[in-house]
Amino acid sequence: MGWADWVRTVEVEPSLYAADFARLGEQINVLMRAGVRIFHFDVGDGHFVEPVTMGPIVLQSISGLIREAGGFVDCHLMTEFPERHFSAVAQAGGDSVTVHYEAVDDVPRAARAARAHDLQIGLAFKPETSAAYAAHAAVASNVDIILCMSIEPGYSGQAFMPEAYERIRTVREIVPRQMHVQVDGGIGPENVRAVYEAGATLLVAGSSIFGREDLPRAYRRLVQELA
């Protein structure tokens, strides 16, 4: 199975980086009962991005819970030398890894390495990176998804960058229809529909879900905006 099997036309992916870690398992269960299918899992190394975030130990503690409920874990590696982490992510129960265009010298090699570990593979790019360059690299490397960052990667809670709409449209025009376009950063009920209409089918939401008291209601509100 892969992204083609996981996505029901469009998916809102709660970003676990914004979760309450004292209640992580409980919040995952609540959201899966509300209809979540894919969780976004950010890994920051303190080098490629400033913060050190979650890693394989946390992933291992939750992946079984998610898989047993029929869900998947999408791991965004905001790291230098991301290929070094593929084995640990696979062993910890990750389903997909997304590496950064700015951190990988050879995207096709990274894609092959991910698939050697039975992982799906995505390619992310920062706001200052050419959307066209990243999109052509994604096509040439035959990755499964492309992630357009709509904030500077690293910290949750940042505001959506309006210029991301044009970058999303550029990517959507270049990559094949079967390649999902993911957007991460500042997505909420006020813009989720516009992000979708620009061409995204994977919408990562952190604070707009976990920053609310009623998580299922926050998630469903985003989904309803896409109906």
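Here the structure is a predicted model, which means the values were calculated and not measured. (Residues numbered from 1 in each chain as written. Predicted model: local features only at pLDDT ≥ 70, side-chain atom pairs only at ≥ 80, totals over all residues. Heavy atoms only, no water.)

1. A closer look at the pattern of salt bridges
Convention followed: A side-chain nitrogen of Lys or Arg and a carboxyl oxygen of Asp or Glu constitute a salt bridge if their distance falls within 4 Å. A simple rule labels every residue: compare its accessible area, found with a 1.4 Å probe on the protein chains alone, to the largest value its type can have, and call it buried under 20%, exposed over 50%, or partly exposed in between. Strands are runs of DSSP state E lasting at least 2 residues, helices are runs of H or I lasting at least 4, and numbering of each runs from the N terminus.
Applying the stated rule across the entire model yields eight salt bridges. A salt bridge links Arg23 to Glu26, with the shortest nitrogen-to-oxygen separation between them at 3.1 Å. What makes Glu26 partly exposed here is its relative accessible area of 44%. The shortest N-O distance in the salt bridge between Glu197 and Arg193 comes to 3.0 Å. Of the two residues, Glu197 and Arg193 both sit in helix H8 (residues 192-198), four residues apart, roughly one turn of that helix. Note on Glu197: relative accessible area 56%, which makes it exposed. Taken together, the shared-partner salt bridges in this structure form one network comprising Asp20, Arg23 and Glu26.

2. Structural notes on the sheet that holds strand S4 (residues 96-100)
How we decide: Note on pairing: two strands pair once DSSP finds at least 2 bridges between them. Fitted lines through C-alpha atoms serve as axes, helices being fitted only where they are in contact, and the angles separating the N-to-C directions of these axes extend from 0 to 180 degrees.
The eight strands are arranged S1-S8-S7-S6-S5-S4-S3-S2 in an open sheet whose pairing can be described as parallel. Of all the strands in the sheet, the pair left with one neighbour each is strand S1 (11-14) and strand S2 (38-44). Across this sheet, the average inter-strand angle for adjacent strands is 25°, counted without regard to direction. The pairing of strand S5 (residues 120-125) with strand S6 (residues 145-149) spans four bridges and is parallel. Across the sheet, Phe125 pairs through a bridge with Cys148, a residue of S6.

3. Overview of the pairing of S2
Counted only if it meets this: Assignment of crossover handedness uses the view with strands pointing away from the viewer, where a clockwise path from the first strand over the helix to the second indicates a right-handed crossover.
The element S2 is largely enclosed, with a buried count of seven among its seven residues. In this view, the connection linking S2 to its parallel neighbour strand S3 (residues 72-78) by way of helix H3 (residues 56-68) has right-handed handedness.

4. So, helix H5 (residues 107-116)
Threshold: In this context, the arc is that of the directions from the helix axis out to the C-beta atoms. Working rule for contacts: check all heavy atoms of both residues, and any pair within 4.5 Å makes them a contact. Pairing of N or O atoms within 3.5 Å defines a polar contact, subject to two protein rules: one partner must be a possible hydrogen donor and the other a possible acceptor, and residues neighboring in sequence count only if both atoms are side-chain atoms.
Buried residues of H5: Val107, Ala110, Ala111 and Ala114, and no others. Along the axis of H5, the buried residues cluster in a sector spanning 100°; they form a single face. Relative to its buried face, H5 has exposed residues pointing more than 90 degrees away, namely Arg112 and Ala116. The inward-facing, buried residues of H5 contact helix H4 (86-92), S4, S5 and helix H6 (131-141). For H5, the N-terminal capping position is held by Asp106, with its side-chain oxygen 3.0 Å away from the main-chain nitrogen of Arg109. Directly beyond the C-terminal end of H5, a positive phi value near 60° is found at Asp118.

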